[in-house]
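Okay, here's what each chain looks like letter by letter:
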Amino acid sequence: MGKKVLTLEALLAKEIEYRIEQDDYKEKQKLPSERELSAQFQVQRLTIRRALQTLVQKGIIISKERSGYYVAPKRIKITVNHSGSIRTVIEKMGITSYVKLLEFEKMKLTERLAGKTLLAENTEVYHILRLRYENKTPIGLEKSYVVCDLAKGLSAEDVHNKSLYEELKKKHGLTIAHSNQRVSAVFANGLEAELLKVSLSTPLMKYQGLVYDKKERLIEYFENIMLPDRFEFISKR
Amino acid sequence: MTENTVIKEDPLYIKLEDVLMKKIEAGDYLPGEKLPGERALAEIYGINRMTAKNAINGLVQKKYLYRVQGKGTFVQKKDFHKLNLGFLNESGNCGITAMVKSQGVRIANKILTKGTLPPNDYFCGRLKLAKNDPVYSLHRIRYGNEEPIAVEYTYLPCALFPDIESFDFKHVSLYDYMEAHKHMPVAFEQKFRIIPVPQKEAKYLDLDQGQVVYYFEFLGFDENGILVEYTESFTRTDKAEFFFDTNG
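What you see is a predicted model, and the numbers here were worked out from it, not measured in a lab.

Colleague: Would you explain the overall build of chain B in this entry?
Modeller: Within chain B one finds eight helices and 10 strands. Classification of the 248 residues of chain B by burial places 52% in the buried group. Summed over its atoms, the accessible surface of chain B is roughly 11,700 Å², and 50% of this surface lies on carbon and sulfur atoms.

Here you go:
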């Protein structure tokens, strides 16, 4: 075969990743020590250490000082093929979720928001700002603009620690038919840093979307700022 | 809740950063436009020069601005022409090459490594092959307009592409090659994350430690449902963003 295509450490990293995927090493479980792994794979300890470092950098395992390596907790999976509620996903994972309402007000679309939603400037919307918690840790700041005409009388009580989409369906007969979404990376501003308990300018995930009902009416525009290490997007076709 | 009751006041330079970012986003300062100097900014906003300098430094680090030695600070061009890479979807050829071409970017590749791998459980497992079936590996840096956009590690089953060793993917598009063998991927299963850029990929993508990348992992299936590709990619966040549509 001549020259090596991949380094030994790259191959080892993949072998260990495979074991994690196969659930040989389970979520949050401690991995065998560097010494044990180097014996198992019959390689030098330094090579194993480098392989483990690769996995730490990719967020697949976590290194705890004086303790060892642990499989990282599972991320919250957002399936992009259908727009479900994040809450349902989180609860299915057996995690306690809480959404705290920070702001709820009726407002008129600003020029910037009108541009994003293609609605007329001054269209009345409910502006909802919520902070999502996983167990007791804030993981996402969720900003949402819901068109007033389609959800008349929506109140703060309706969206505090409740699924917005379920409320819209139950009380306003609005069923989500499709959405356009986008994901990008941004840097934490003062408000985001404070609420999500990260340092200023920490890279965060920005998840935006336009949500429509069956009649092609725009129901909602959302802008979520999320901790990147708690989420992943999955798609299957 | 008002910001002031719960939220600490931001330092002045952060406030200025915010103001400038909004102006850039709103197009008050256009891509490629020269920004007023530190002294001018300090005068305009009634702050001291050090504060203006800190704000500019912050925005250079965030890639909103870039410096040209001896000339000044300019609004970044590429942020506002991010490639729309899309989530790979059923619409067919979604290789970076195809998407980038349609957006008028010159694409180039650098091959980091290529060849048939020694037997490895992971890649055989991923491609649903029998243990010890040969897997071809192709690692590339993808450039758009001479700047690195992504590092891609692609793995293919050798059995489907027996002559793959004789092709040079510096010049041949991998998807064109796969199509010629009637194994072009048309359906995908994928995973997408944002992660801190790992050391090795930081070097390839010309990024600093602490910055993040889009991490993509996907399986590609041809029109007969045969698993033909496993790819891992690391993409610069200032060069691309991902769009997708959902139903139901």
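Moving on from the model shown.
Colleague: What's the story with the interface of chain A and chain B in this structure? I'm lost.
Modeller: One frequent convention defines the size of an interface as the accessible area lost when the parts assemble. Of the residues lining the interface, 49 residues belong to chain A; the matching set on chain B comes to 57 residues. Taken over both partners, the interface formed by chain A and chain B buries close to 4,800 Å², and the fraction arising from carbon and sulfur atoms is 56%. Between chain A and chain B we count four salt bridges in total. One salt bridge connects Glu232 of chain A with Arg193 of chain B, and the closest N-O pair in it is separated by 2.6 Å. In terms of residue count, the dominant contributor to the side of chain A that touches chain B is strand S7 (residues 176-187) of chain A (11 residues). Each residue belonging to the side of chain A that touches chain B can be placed in one class, and the counts come to 23 nonpolar, 13 polar and 13 charged.

Colleague: Sorry, what's going on with the sheet that holds strand S6 (residues 147-157) of chain B here?
Modeller: Here we have eight strands laid out as an open sheet, ordered S3(A)-S10(A)-S7(B)-S8(B)-S9(B)-S6(B)-S5(B)-S4(B), and mixed in their pairing. In the strand order of this sheet, the two ends are held by strand S3 (76-79) of chain A together with strand S4 (107-116) of chain B, each with one partner. On average, each strand axis in the sheet is inclined to that of its neighbour by 20°, with strand direction left out of account. Relative to strand S9 (residues 227-236) of chain B, strand S8 (residues 212-221) of chain B runs antiparallel, the two sharing nine bridges. Across the sheet, the residue bridging to Glu217 of chain B is Glu232 of chain B, located in S9 of chain B.

Colleague: What's the story with the domain arrangement of chain A in this structure? I'm lost.
Modeller: Assigned domains within chain A: domain 1 (8-71) and domain 2 (76-234). On a C-alpha basis, the centroid separation for the pair domain 1 of chain A and domain 2 of chain A is 36 Å.

Colleague: Explain helix H2 (residues 34-41) of chain A to me, please; I cannot follow it from the model alone.
Modeller: Since the α-helix turns once every 3.6 residues, residues separated by three or four places project in the same direction. Residues and elements named next belong to chain A. Every buried residue of H2 is listed here: Glu34, Leu37 and Ser38. All buried residues of H2 fall inside an arc of 100° around its axis, so they share one side. Opposite its buried face, H2 presents the exposed residues Arg35 and Ala39, each directed more than 90 degrees away. One or two residues past the end of H2 sits Gln42, with phi positive at roughly 55°.

Colleague: Help me out: how do you make sense of the pattern of salt bridges in this one?
Modeller: Side-chain pairs of opposite charge can arise where the charged atoms are in close proximity. Enumeration according to the criterion identifies 26 salt bridges over all chains in this entry. The salt bridge partner of Lys58 of chain A is Glu17 of chain A, with a shortest N-O separation of 3.6 Å. Of this pair, Lys58 of chain A sits in the loop between helix H3 (45-57) and strand S1 (61-64) while Glu17 of chain A is found in helix H1 (residues 8-21), placing the two residues 41 residues apart along the sequence. Here Lys58 of chain A and Glu17 of chain A have matching classes, each one buried. A cluster of three or more residues bridged by salt bridges with shared partners is formed by Lys14, Glu17 and Lys58 of chain A together with Glu232 of chain B.

Quick notes on the rules
Residues numbered from 1 in each chain as written. Chains lettered and ligands numbered in written order. Predicted model: local features only at pLDDT ≥ 70, side-chain atom pairs only at ≥ 80, totals over all residues. Heavy atoms only, no water. Helix = DSSP H or I, 4+ residues; strand = E, 2+ residues; numbered from the N terminus. Buried < 20%, exposed > 50% of the residue type's maximum accessible area, 1.4 Å probe, protein only. Areas by Shrake-Rupley, 256 points an atom, 1.4 Å probe, with all protein chains shown as cover. Contact = heavy atoms within 4.5 Å. Buried area = accessible area lost by both parts, 1.4 Å probe. Salt bridge = Lys/Arg side-chain N within 4 Å of Asp/Glu carboxyl O. Nonpolar A, V, L, I, M, F, W, Y, C, P; charged D, E, K, R; others polar. Pairing = 2+ DSSP bridges. Axes fitted to C-alpha atoms, helices over the stretch in contact; angles between N-to-C directions. Domains from an automatic or database assignment. Arc of directions from axis to C-beta.

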